[in-house]
Amino acid sequence: MDLFSLGLDVFCLTGQSLMHILFVGRLTGRRQKIWRFAVYLLLIGITERLFSRLAPAGILPIGAQLLILYGMNRFAMGNRPYASCTASLLAIYISQLSFGIINSAEALLLPHWIGNPLLYPMLLLATLAAFAVCASCYAAVLKFLSLTEDYQTPYIGLLLFPGLFFFAAELYILRTSYSVLPVGLSLAQAGKHIALLFLQALGLGALLCTVYAYRRICHGFQTQAALASLTQAAQAQKVYIREAETRYEQTKAFRHDIKNHLSVLSGLLHTGNLDESKAYLQKLETASAALSLPYQTGNPVADVLLGEKLGLAKAHGITAEVSVVLPKSCGIDDFDLCVIFANALDNAIQACQLAAETKSIHIVGQQQGDFFMLGFENTCSAEPLPPIGIGLSNIKRAAEKYGGAISTEKTDRYFRLHVLLNISLPPERISAQKP
């Protein structure tokens, strides 16, 4: 091996190692460090040295490289097994196919340049072209796919098995190709390299199509789950609204009869029947208490929902404090109020149940000019926050419908959610922002 070939091999190995580490880091959402690249390059260099003479077409080095990259993903970066395996397969598969496509093109074009001084610059340009193809494919995959801790990861098995198939097919192609540039090129050899070129190009295309289809499937699953959640929430909110209407009718009927009750009570007092008066008054207090709700926000639907959710929280040993007064003409639809309060309280109760010490929920709400700010604070465990789920996504959509936004914050063992709503929007603008 001459110095140029040795230098080109070192350049390829270093460039591929750097691109592998950067790609898997971006794909899994891990911040990269220089020592990881140095360790990976060292291990890959040792592997290439050990296995280059033991297996044709570099099959064993590729397998060892896959295991090393998996180990870097799993242990050095702390990724989960499925994510580590998928990221490693994609990184090496794309790299091998990109260089395989350029190698096939070299086999077709460069034999005629053997002995020409321009052969070396052309080999260098071909290597740079392989890096460009590889980088472009990596960028396309990163655009369509993310293996971070989000909603996609539960379905990562959908991508793992096609990736394994593509990788196995690439290994078979390597067994039928060669790594030495031939001196001459017969018609049969040219046909073989053309076929390999198209096969590898189709392999890259199939991979990108699979990644795109995986993205669409994950979005479909997410939409389906969100729709199921909204359907369930809508059914529950209809119950809240019916109960609020029932309480309103009962209160209206009680207020209609209150004059008669007061007349009866006045008559009993005038005749000196104190015991009967006390008993009758006790009945009135019982009837009045049955009509009242434990929390008064100015909105009957929100009052019913708070009473039910925080009653459930109390049954789990969670204390609650509410300081919310909703404007009478705030323009916020009852359904959207239910979406915000129900999802926020469900998340808060679930988080409080995981808290080891004090369990509490604090809800505040105040108007600031044309905006109304709702704040939910609850105790939680010291573990990192899970990814944004369907509940917070529903709250975000409801807030954006009114030209608002949400923000979340976790400090020590407390989680805070703030929901900002623009209560001055005209109805036509609100309806235009429905999701």
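Our structure's up above, just so we're on the same page.
A closer look at the overall build of the chain
Looking only at helices and strands, the chain features twelve helices and five strands. The buried share among the 435 residues of the chain stands at 39%. Intrachain contacts of the chain at a sequence separation of at least 6 include 74% that bridge at least 24 residues. Within the structure as shown, the chain displays about 24000 Å² of accessible surface, and the carbon and sulfur contribution to it stands at 63%.

Section: the pattern of salt bridges
Applying the stated criterion to the full structure yields three salt bridges. For Asp346, the salt bridge identified is with Lys309, shortest N-O distance 2.8 Å. Of the two residues, Asp346 sits in helix 10 (residues 334-354) while Lys309 sits in helix 9 (residues 300-315), which places them 37 residues apart along the sequence. Given a relative accessible area of 34%, Asp346 falls into the partly exposed group. The salt bridge involving Glu377 is made with Arg416; its shortest N-O contact spans 2.7 Å. Taken as a pair, Glu377 in strand 3 (residues 371-379) and Arg416 in strand 5 (residues 414-422) lie far apart in primary sequence, 39 residues in all.

Quick notes on the sheet that holds strand 4 (residues 405-411)
Taken together, five strands build an open sheet; the order of strands is 1-2-3-5-4 and the sheet is mixed. The two strands at the open ends of the sheet, each matched to only one other strand, are strand 1 (319-324) and strand 4. Along the sheet, successive strands turn relative to each other by an average axial angle of 10°, direction set aside. Taken together, the nine bridges between strand 3 and strand 5 define a ladder with antiparallel strand orientation. Residue pairing across strands places Asn378 opposite Phe415, the latter belonging to strand 5.

Digging into a negative patch on the surface
Taken together, the side chains of Glu245, Glu249, Asp333 and Asp334 define an acidic patch exposed on the protein surface. Inspection of the secondary structure puts Asp333 in the loop between strand 1 and helix 10.

Structural notes on the state of the cysteines
A full pass over the atoms with the stated rule returns zero disulfides. Cys380 provides the cysteine sulfur closest to Cys352, a residue in no disulfide bond, and the two sulfurs are 8.2 Å apart. A residue is classified by how much of its surface remains accessible, and Cys352, at 0% relative accessible area, is buried.

Structural notes on the environment of Asn273
For Asn273, the position within the fold is in the loop between helix 7 (187-270) and helix 8 (274-291). A polar side-chain atom of Asn273 sits 3.0 Å from a polar atom in the side chain of Thr271.

Some thoughts on the nonpolar core
Counting residues in hydrophobic clusters, the biggest one holds 50 residues, and the most contacted among them are Phe23, Leu27, Leu90, Ile94 and Leu145. Broken down by secondary-structure element, the contributors of at least two residues to this core are helix 1 (3-28), helix 2 (34-51), helix 3 (59-76), helix 4 (81-109), helix 5 (119-144), helix 6 (157-176) and helix 7. Counting residues per element, this core draws most heavily on helix 4, which supplies twelve residues. Not counting residues up to four positions away in its chain, the partners in contact with Leu27 are Ala87, Leu90, Val141, Leu142, Leu145, Ser146, Leu147 and Thr148.

Section: the pairing of strand 3
Here strand 2 (residues 360-368) runs beside strand 3; their pairing, made up of eight bridges, is antiparallel. Counted as the bridge partner of Gln366 is Met373 from strand 3. In this antiparallel pair of consecutive strands, strand 2 and strand 3, the connection spans two residues, and Gly369 shows a positive phi of 65°.

Points about the packing of helix 1 against helix 2
Where helix 1 contacts helix 2, the two axes come as close as 10 Å, and the packing angle between them is 135°. One finds that helix 1 runs oblique with respect to helix 2. With respect to the hand of their crossing, helix 1 and helix 2 are arranged in right-handed fashion. Contacts from Leu13, Thr14, Ser17, Leu18, His20 and Ile21 of helix 1 reach helix 2 at Arg36, Phe37, Tyr40, Leu41, Ile44, Gly45 and Glu48.

Here's the deal with a nonpolar patch on the surface
A cluster of nonpolar side chains, namely Phe11, Leu124, Leu125 and Leu128, defines an oily patch on the protein surface of about 360 Å² accessible area. Its location among the elements puts Leu128 in helix 5. We classify Leu128 as partly exposed; its relative accessible area is 43%.

Looking at helix 10
When the terminal C-alpha atoms of helix 10 are compared, their 30 Å separation across 21 residues agrees well with the 30 Å that a helix rising 1.5 Å per residue should span. Sitting at the amino-terminal end of helix 10 is Asp333, which places a side-chain oxygen 2.8 Å from the backbone nitrogen of Phe335.

Focus: the environment of Ala399
Mapped onto the elements of the fold, Ala399 is located in helix 11 (residues 390-401). Separated by 62 residues in sequence, Ala399 and Leu337 place their C-alpha atoms 9.7 Å apart. Among residues more than four places away in sequence, those in contact with Ala399 are Gly404, Ala405, Ile406, Val419, Leu420 and Leu421.

Brief notes about the environment of Ala344
One can find Ala344 in helix 10. Relative accessible area serves as the criterion here: at 5%, Ala344 is assigned to the buried category. With 73 residues separating them along the chain, Ala344 and Leu417 place their C-alpha atoms 7.9 Å apart. Filtering out sequence-adjacent residues up to four positions away, Ala344 remains in contact with Phe376, Ile395 and Leu417.

Notes on unusual backbone geometry
In the Ramachandran plot, Asp412 falls in the positive-phi region, its phi being about 55° despite a non-glycine side chain. As for its placement among the helices and strands, Asp412 is situated in the loop between strand 4 and strand 5.

About the cut-offs
In this numbering scheme, every chain counts its residues from 1 along its sequence in written order. Only residues with pLDDT of 70 or above have their local features reported here, since the model is predicted, and side-chain atom pairs are shown and tallied only from 80 upward, although totals for entire chains, interfaces and linings are computed over all residues. For side-chain calculations, the full set of non-hydrogen atoms in the structure is used, while hydrogens and water are omitted. Elements are defined by DSSP. Helices are runs of H or I of four residues or more, strands are runs of E of two residues or more, and each kind is numbered from the N terminus. Between buried and exposed lies partly exposed: a residue is buried under 20% and exposed over 50% of the maximum accessible area for its type, with that area taken using a 1.4 Å probe on protein chains only. In this analysis, two residues are considered to be in contact whenever any of their non-hydrogen atoms come within 4.5 Å of each other. Accessibility throughout is a Shrake-Rupley quantity obtained with a 1.4 Å probe, and a residue counts as covered only by protein chains that appear here. Definition used for salt bridges: Asp or Glu carboxyl oxygen within 4 Å of a side-chain nitrogen of Lys or Arg. Two strands pair if DSSP finds at least two bridges between them. Fitted lines through C-alpha atoms give the axes, limited to the stretch in contact for helices. The angle between two N-to-C directions lies from 0 to 180 degrees. Only residues above 30% relative accessible area that lack a salt bridge enter a patch, with like-charged residues linked at up to 9 Å and the nonpolar side chains Val, Leu, Ile, Met, Phe, Trp and Tyr linked at up to 5 Å. A positive count includes Lys and Arg, and a negative count includes Asp and Glu. His and the chain ends are not counted in either. Charge positions are represented by NZ for Lys, CZ for Arg, CG for Asp and CD for Glu. Cysteine sulfur atoms are paired as a disulfide whenever they come within 2.5 Å of each other. In protein, a polar contact means a hydrogen-donor-capable atom and an acceptor-capable atom, both N or O and within 3.5 Å, with residues adjacent in sequence counting only if both atoms are side-chain atoms; elsewhere, any N or O pair within 3.5 Å suffices. As used here, the term nonpolar core means buried Ala, Val, Leu, Ile, Met, Phe, Trp, Tyr and Cys residues forming a set that is joined through side-chain atoms within 4.5 Å. Each angle is binned into one of four classes, with values under 35 degrees roughly parallel, values over 145 roughly antiparallel, values of 65 to 115 roughly perpendicular, and all other values oblique. Working rule for handedness: look at the near helix, and if it is turned counterclockwise from the far one by less than a right angle, call the crossing left-handed; if clockwise, right-handed. An expected span of 1.5 Å times one less than the residue number is assigned to each helix.

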